[in-house]
Amino acid sequence: MRCAGVDGISGGAQGLCRTLPPEGRASRNMKIGIIGAGNIGGNLTRRLTALGHDVSVANSRTPETLQDLAAETGAIPVVASEAARNAEIVVVTVPLKAVPSLPSGLFDEAADGVVVIDTGNYYPQQRDGRIDEIEDGGLTESRWTERQIGHPVVKAFNGTYAQDILDRHRPAGDPERMALPVAGDDAAAKRVVRDLIDELGFDTVDAGGIDDSWRQQPGTPVYGLRGTPAAVEEALAKAPSERPADFRG
């Protein structure tokens, strides 16, 4: 076995897994929708198109505002309501405060079994304002996002520096290869995301379910960590259960 984050854990650190796909597993090109063309969304668009995936990308404005990114990458600019059409993977990478404004029925025309990646973080003081369900209801950021969009998510890339997506990818087995934590309730969906991250050039660590994803939220030891799988596992295990004061509303 081998192992695979500023713009998010109830339970212990048990079950953190370091298994990755076998060396040499061939990837296949997929249809991927990206909702949000900021730093993370833009750089994922760049890397995923370079790897041969069919990418549609949307922002909060109009497709015409994405023409430069489209010309650079070959991605197809669309409105948000069309980003998931026929997509096998959809990346939701918008500010948390914008999640409730995403189009209803967003995944109605997605491929069967579409996997949704949530890269979001809650910044109540800095950007998003107070969200009572997170502050008082004890929801993790990604569990709240799931309820808003009506679809399960896999949490990944939320603590990754955007430039690292372009600059710090490494081949499997490279001692400098970074590891990213990945949390999700559906094992098959999480496998799809870990395989995609492996293809992007990073190792992954299984960070548990969505109710465990507080371990990779802002202010935790793993957030922004550029480390090996062992370092990521250690950081996840050390995460305090109380949300840091800087990230409370």
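Conventions and cut-offs
- Residues numbered from 1 in each chain as written.
- Predicted model: local features only at pLDDT ≥ 70, side-chain atom pairs only at ≥ 80, totals over all residues.
- Heavy atoms only, no water.
- Pairing = 2+ DSSP bridges.
- Helix = DSSP H or I, 4+ residues; strand = E, 2+ residues; numbered from the N terminus.
- Contact = heavy atoms within 4.5 Å.
- Axes fitted to C-alpha atoms, helices over the stretch in contact; angles between N-to-C directions.
- pLDDT = per-residue confidence, 0-100.
- Buried < 20%, exposed > 50% of the residue type's maximum accessible area, 1.4 Å probe, protein only.
- Polar contact = N/O pair within 3.5 Å; in protein donor to acceptor, adjacent residues only side chain to side chain.
- Parallel < 35°, antiparallel > 145°, perpendicular 65-115°, else oblique.
- Nonpolar A, V, L, I, M, F, W, Y, C, P; charged D, E, K, R; others polar.
- Core = buried A, V, L, I, M, F, W, Y, C linked by side-chain atoms within 4.5 Å.
- Phe/Tyr/Trp six-rings, centres within 6.5 Å; stacked < 30°, edge-to-face > 60°.

Caption draft 1: Structural view of the sheet that holds strand β5 (residues 115-118). Reading across the sheet, the eight strands line up as β3-β2-β1-β4-β5-β6-β7-β8 and stay open at both edges, with mixed pairing between neighbours. The outermost strands of the open sheet, each flanked by one partner alone, are β3 (76-77) and β8 (203-206). As paired elements, strand β1 (residues 31-35) and strand β4 (residues 89-92) share four bridges and run parallel to each other. Among the inter-strand pairings, I34 is bridged to a residue of β4, identified as V91. Against the sheet, helix α7 (residues 187-200) touches β1, β4, β5, β6 (154-155), β7 (179-184) and β8, its axis set at about 165° to β7. In the packing of helix α8 (residues 229-237) onto the sheet, contacts are made with β7 and β8, and the angle to β8 comes to roughly 30°.

Caption draft 2: Region of interest: the confidence of the model for the chain. For the chain, mean pLDDT is 90; residues scoring 70 or higher make up 89% of the total. The low-confidence segment residues 1-26 (pLDDT under 50) makes 93 contacts with residues lying over four places distant or belonging to another chain.

Caption draft 3: Examining the side chain of T220 more closely. Here T220 lies in the loop between β8 and α8. Assessed through its relative accessible area of 8%, T220 is described here as buried. Separated by 3.1 Å, the side chain of T220 and the backbone oxygen of R215 make a polar contact. In this view, T220 contacts W214, R215 and A239; residues no more than four positions away in its chain are not counted.

Caption draft 4: Structural context of the environment of R248. Examined against the element boundaries, R248 turns out to sit in the segment after α8. The class for R248 is partly exposed, based on a relative accessible area of 32%. C-alpha of R248 to C-alpha of I134: the two residues are 114 residues apart in sequence and 9.3 Å apart in space. Other than its neighbours up to four places away in sequence, R248 contacts P124, Q125, E135, E242 and R243.

Caption draft 5: Fine view of the packing of helix α1 (residues 39-50) against α7. One way to put it is that α1 packs onto α7 with a least axis distance of 10 Å and a crossing angle of 80°. On the basis of the axis angle, α1 is roughly perpendicular to α7. In this structure, α1 uses L44, R47 and L48 to contact α7, whose residues at the interface are L196, E199 and L200. The residue inventory of the contact of α1 with α7, partitioned by class, reads four nonpolar, no polar and two charged.

Caption draft 6: The arrangement of the nonpolar core in detail. Counting 29 residues, the largest nonpolar core has I32, L44 and F157 as its most contacted members. Mapped onto this core, the elements with two or more residues apiece are β1, α1, β2 (54-58), β4, β5, α6 (162-167), β7 and α7. Examining the composition of this core, we find that five residues originate from one element, α7, more than from any other. Listed in part, the 26 residues of the second largest apolar core include V78, V114, W144 and I210.

Caption draft 7: Geometry of unusual backbone geometry. The backbone phi angle of N86 is positive, close to 65°, even though this residue is not glycine. The backbone phi angle of F157 is positive, close to 65°, even though this residue is not glycine. A relative accessible area of 3% places F157 in the buried class.

Caption draft 8: Main features of the pairing of β4. Here β4 shows two buried faces, one formed by I89 and V91 and the other by V90 and V92. As paired strands, β4 and β5 are joined by four bridges and run parallel to one another. Paired with V91 across the strands is I117, a residue of β5.

Caption draft 9: Up close: the packing of aromatic side chains. Taken as a whole and judged by the stated rule, the model has one aromatic pair. Look at Y123 and F247: their rings are 6.1 Å apart centre to centre, the planes differ by 50°, and that puts the pair in the tilted class. Placement of Y123 in the loop between β5 and α3 (124-128) and of F247 in the segment after α8 is noted, with a sequence separation of 124 residues between them. Judged by relative accessible area, F247 falls into the buried class, the value being 14%.

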